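# Report on the structure
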Amino acid sequence: MKKIVVTGGAGFLGANLCRKLLQEQADAEVICIDNFFTGRTCNIEDLRQDSRFSVLRHDIVDAFTSKELAQLKGVREIYNLACPASPPHYQADPVHTTMTSVLGIYHMLELARIEGARILQASTSEVYGEPEVHPQVESYRGNVNCDGIRACYDEGKRCAESLMFDYHRTYGVETKIIRIFNTYGPGMDPKDGRVVSNFILECLKGKPITIYGDGSQTRSLCYVDDLLEGMVRMMASESGFTGPVNLGNPEEQTIKAIAERIRRLTESKSEIIYQPLPEDDPTQRRPDITLAVEKLGWRPNISADEGLKHTIAYFQAFQS
Ligand code: NAD
Ligand code: UDP
């Protein structure tokens, strides 16, 4: 059996990743490590039926106990996804968010070093901050406000990338970094607070759609299945290929266009209202995915309408 660890495995992306690994890799034994801060037991309920799946309730800010290390012995692959991703959640306890990225990746890298495992870090487009280069290429070094309310997330992720490279150079650990651009889909928490879940729920409930700012800021939305395929390909990529690699859908849309699209797809009559733009909210986001196409043979192939229809169906079922 191939032992695979997924930290943050009870969260939106993590639970979908655990399911994909169990479905596609018959020899996989998957251990989900999670502190259940934003993770939910309902996300992994179906997986618990599978004897190849297990859960270790643990905060990756803390070092592993010797009992836990024994449980993790022989691990071959580590996907490090643990970290709240929605601004209201990561800003709720910003100190813990930074520690999750910095101490968390340190503990996971130590595990990878001791066990000789591959490790993949779920980094983010937020390392580019308020970008002056558009679309964003991996070589762009970013424009992050290190004193702002998003810094706990952005700078934590930047430091995690730097630790990944230092473990690679110093100890030869096989490290892989992906920079994920806004991803959505079934499995999102209705209370998540990100744009897609908020807009869908507002439309389904007939409540006003709340746009922060004037809605001219852009995001590029990637459907979860597309993203996870890129993630798994990155883990399997040639030895020594560290990335970072952008993973996202280059179809850029304004937030206002996303609101109108979701209103059309839900056949809602909700009006659009405007609220103040949060501090440091990036003006634009679009990945340059040339590297992912070249190195991983990956590009997203689920359209915004198709992905949103699946996500709307998920929230409809969730509501009833
Ligand atoms: P999520 O909030 O749904 O999941 C995060 C998971 O990590 C949850 O299960 C949570 O309980 C767990 N967690 C948080 N802190 C932890 C800690 N200290 N110890 C153990 N577990 C902890 O978020 P998501 O959308 O599934 O994102 C997963 C990863 O992908 C995150 O690292 C996030 O930064 C990254 N990412 C996501 C997106 C996106 O659009 N979804 C974009 C960029 C990067
Ligand atoms: N946003 C919005 N209404 C909401 C939630 C988010 O207008 O109910 C905006 C938010 O200000 C940002 C964009 O949508 O400009 C994406 O926000 P999200 O929190 O999903 O992701 P991030 O800002 O981290 O890219």
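Residues numbered from 1 in each chain as written. Chains lettered and ligands numbered in written order. Predicted model: local features only at pLDDT ≥ 70, side-chain atom pairs only at ≥ 80, totals over all residues. Heavy atoms only, no water.

### What about the side chain of Arg285?
Tracing the chain through its elements places Arg285 in the loop between β13 (272–275) and α10 (290–296). With residues up to four places along the chain from it excluded, the contact list for Arg285 reads Ser125, Glu126, Tyr128, Gly129, Pro131, His134, Gln136, Phe181, Thr218, Arg219, Ser220 and Glu252. (Helix = DSSP H or I, 4+ residues; strand = E, 2+ residues; numbered from the N terminus. Contact = heavy atoms within 4.5 Å.)

### Re the site of ligand 2
Around ligand 2, 17 residues are found, and the nearest of them are Asn198, Thr210, Tyr212, Arg219 and Asp281. In this structure, Thr210 approaches ligand 2 through a main-chain N or O atom, which is 2.8 Å from a nitrogen atom. Between Arg219 and ligand 2, the recorded distance is 2.7 Å, taken from a side-chain N or O atom to an oxygen atom. Within the complex, 96% of the 510 Å² of free accessible area of ligand 2 lies under protein. Counting only elements with at least two residues in the shell around ligand 2, the list comes to α7 (195–204) and β8 (209–212). (Near = heavy atom within 4 Å. Polar contact = N/O pair within 3.5 Å; in protein donor to acceptor, adjacent residues only side chain to side chain. Areas by Shrake-Rupley, 256 points an atom, 1.4 Å probe, with all protein chains shown as cover.)

### What about the nonpolar core?
Generally speaking, nonpolar side chains in soluble globular proteins are found buried as a group. Leu17, Tyr79 and Met231 are the most contacted members of the largest nonpolar core, which totals 60 residues. Excluding its chain neighbours within four sequence positions, the residues that come into contact with Leu17 are Val6, Tyr79, Leu81, Leu228, Met231 and Val232. Core analysis: the second largest hydrophobic core is formed by 23 residues, Ile31, Val75, Met164 and Val173 among them. (Core = buried A, V, L, I, M, F, W, Y, C linked by side-chain atoms within 4.5 Å. Buried < 20%, exposed > 50% of the residue type's maximum accessible area, 1.4 Å probe, protein only.)

### Some words on the packing of aromatic side chains
Summed over the entire model, instances satisfying the criterion amount to six aromatic pairs. Where Tyr90 meets Tyr153, the ring centres are 4.4 Å apart and the plane angle is 10 degrees; that geometry is what we call stacked. In this pair, Tyr90 sits in helix α4 (residues 87–90) while Tyr153 sits in helix α6 (residues 151–171), placing the two residues 63 residues apart along the sequence. What makes Tyr90 buried here is its relative accessible area of 1%. Judged by its relative accessible area of 8%, Tyr153 is buried. Taking 5.0 Å as the distance between ring centres and 50 degrees as the angle between the ring planes, the aromatic pair formed by Tyr167 and Tyr171 counts as tilted. On the criterion of helical spacing, the pair formed by Tyr167 and Tyr171 is a turn pair, its members being four residues apart in helix α6. Overall, the relative accessible area of 48% leaves Tyr171 in the partly exposed class. Aromatic rings pair up to connect Tyr128, Tyr140 and Phe181 into one cluster. Stacked on the ring of Tyr171, the Lys or Arg Arg113 has its end atom at 5.3 Å from the ring centre. (Phe/Tyr/Trp six-rings, centres within 6.5 Å; stacked < 30°, edge-to-face > 60°. Lys NZ or Arg CZ within 6 Å of the ring centre and 35° of its normal.)

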